[in-house]
Structures are given as C-alpha cells and as structure tokens.
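Residues per chain are reported as follows:
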Amino acid sequence: MGVDYDVDLAVIGSGGAAMSAAIAASQAGKSVVLVERGVLGGTCVNIGCVPSKTLLAAAGARHAALTNPFKGAPTSAAPVNLGDLVAQKDALIERLRDAKYADVAAAYGFQVRPGQASFLDGDTLAVDGQALRARAYLVATGATPAIPEVVGLDSVDRLTSTTAMQLTELPESLVVIGGGYVGMEQAQLFARLGSKVTVIARSRLTSGEEPEISAAIEAVFADEHIAVLTAATVEKVLAGGGHKLVSVRTRAGVSELRAEHVLVATGRRPNTAGLGLEAVGVGVDGRGAVIVDDRQRTGNARIWAAGDVAGGPQFVY
C-alpha cells in the first residue's frame, strides 16, 4: 500500500537556500511547505547581511564625519544612540522579511509552517509532534555561531555577532575573539561607533587569504585605533567588577585584557542537532555539516541539503 503524501517537497528552514528551492519547486508545479522553528528569513535578513551592513553604514557615516579632511566644510559627530540605531535596523529587517520572504511565499503559493522539525523515519517528518509526509525533503537549517572551549567562557555573559547587534547601549570597550570576516566586521563597526576595541586572532587577520591582505587590514585597523593581537590564544575569561578579564597568551607571554564585553567570532557550526538525521541515514562530517554530493544529495535518496548546513561557502549567492 502506497504512502499518502501531504506535499511534494518539505523544506526545513526558510533562508536563502530554502526559499530558492521552494520557488523552483513551485514553478515546476509541485506542492511545497517550509518548516521554520524560529523567525522567517534565515541568517541574511535577520542576523547577517542586512543588520550588519545597516549598522556598518551608520558607523561609516559617523567615521566619515569624524575624519573629514576638509576644513572649509566642517562636520561633527555626537555620541551614538545605539538604541535608536538598532530600532531602525530592526524596522528594516521586518520590512524586508515581509517583502522578500512572507510576500514571496504567498505569491508562489507555498505554506510556511512554524515548528521544530525532526525526522521520524524516511517517510515522515514530525513538526512539533505532528506528522508531515513529503515525497522529498530539503534540509536548509543554516548555521549558528560556534563557541570555542575556553576556560570560563561559558560562565560569562558573552556576545556573538547575533547578540552584539541587539545591544541598545554602546559598550565602552570590547574584546573580539576571532580574526575572520565576522570578527573584523564587528570590530570595525563598534570601533567606529565609539567603543575601544581589541581583536585577538589565533594566527593573523583573514588567515585564509594572502598575507598582503592581512597586512593591509591591520594597517587600516591601526589607523582607526583598533588594537590587534595576532598569533594569540585566549586561555581564560573571567567576570569581575562589571568587566570581563581575558587572559591571552602571545609570543611575548601572557597578558590580561579588561573589557566591558567579549564578542566571540570563531566560526559557525551547522544546525543539525535535533533533526534526527541519524535515523534516516543522513551523515554529517566532523564539523556537523550534512554530507552531500555535487547535486546536494545526502545518503538518503529522498533527502537533500543545501546552504550553510551543507558546509559550503557561507554567503547567500
């Protein structure tokens, strides 16, 4: 006796990869449902490109005013009201979430179903305990900030890029752990808004790129009074006196940094926990990313994976 399917394609997630798949399937005449456990839209619109570039634009405007080289056209920059900036950023996110995701789903005629998804077997997905049976499945659950194993880090109120962009009070000082793209972006953002910032990089800034790029960025950071510690390892983080104490080992020995906040930007991990992938023959690698072939197929012939959860380059294009 055949399976009575509810839908042709069930997509877990609602970010860029999820929406692209849902649109393509809908255009091919297939029925589609997106399952989203959190907020519609995925990383880019909610906690990635849109909020960071909006706040960077504001920080850039302030920086341009403070560094204006034209004496005959004076400019000035008052202290930042971060609460107002974040409120403006949130309003933009809400507008784009509606226009680029909710309205698009409605236009193409596919449903967005809220809930936590987990595979029960190869035929059935449970969404908040309710069965959903699809002919095919796409896992597109994205990734979240990875937290390294550092003594004391779990016991302090740490920031990630997600929570840092939700602050409503500008930190007086900030230590950024991580010298990759996200760490550098957040460092320059807060420095230009007025925070005293130190970046700690395990090797060098942008360690995956040519050394000349790292040197150029370090020169820019030095010019903007962003301190950079390279070839450095964070050994311990403690809370004390309203600040965080960060113990850092460098070639010169161990030093201690004091800052109001610590922001962790040491990479991202795929969101695969709780999906029940092991029960349906879908493998993950050592980083937790779903293992796929060159056509995004997993070890289960009816399940695909795409986007950040599949371990590819983490940009929307």
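Residues numbered from 1 in each chain as written. Predicted model: local features only at pLDDT ≥ 70, side-chain atom pairs only at ≥ 80, totals over all residues. Heavy atoms only, no water.

(A) Local environment of unusual backbone geometry. Of note in the backbone geometry, Thr 206 takes a positive phi value of approximately 45 degrees without being a glycine. One non-glycine residue, Gln 296, adopts positive backbone phi at about 65 degrees. Topologically, Gln 296 is positioned in the loop between strand 15 (268-270) and strand 16 (303-305). Classification of Gln 296 as partly exposed rests on a relative accessible area of 31%. (Helix = DSSP H or I, 4+ residues; strand = E, 2+ residues; numbered from the N terminus. Buried < 20%, exposed > 50% of the residue type's maximum accessible area, 1.4 Å probe, protein only.)

(B) Focus on the nonpolar core. With 24 residues, the main nonpolar core has Leu 174, Val 176, Phe 190, Val 197, Val 199, Phe 221 and Leu 263 as its most contacted residues. Secondary-structure elements contributing two or more residues to this core are helix 3 (49-66), helix 4 (82-108), strand 8 (173-177), helix 6 (181-193) and strand 9 (196-200). Setting aside chain neighbours within four positions, we find Val 176 in contact with Gly 183, Ala 187, Val 197, Thr 198, Val 199, Ile 200 and Leu 263. Core analysis: the second largest hydrophobic core is formed by 22 residues, Val 127, Ile 303, Ala 305 and Ala 310 among them. (Core = buried A, V, L, I, M, F, W, Y, C linked by side-chain atoms within 4.5 Å. Contact = heavy atoms within 4.5 Å.)

(C) Summary view of the sheet that holds strand 14 (residues 261-264). Pairing in this open sheet of four strands is parallel, and the strands run 10-9-8-14 from one edge to the other. Each end of this open sheet is capped by a strand with a single partner; those strands are strand 10 (227-229) and strand 14. The sheet shows a mean angle of 20 degrees between the axes of neighbouring strands, direction not considered. Of the strand pairs in this sheet, strand 9 and strand 10 are connected by three bridges, and their pairing is parallel. Pairing of Val 199 across the sheet is with Val 228, part of strand 10. (Pairing = 2+ DSSP bridges. Axes fitted to C-alpha atoms, helices over the stretch in contact; angles between N-to-C directions.)

(D) Region of interest: the pairing of strand 13 (residues 253-259). Summarising the sheet, strand 12 (residues 243-250) and strand 13 pair through seven bridges and their orientation is antiparallel. If you follow Leu 245 over to strand 13, its bridge partner there is Arg 258.

(E) Structural context of the sheet that holds strand 12. Strand order in the open sheet formed by three strands is 11-12-13, and the pairing between neighbours is antiparallel. Every other strand in the sheet has two partners, leaving strand 11 (233-240) and strand 13 as the edge strands with one partner each. The mean inter-strand angle of the sheet, taken between neighbouring strand axes irrespective of direction, is 20 degrees.

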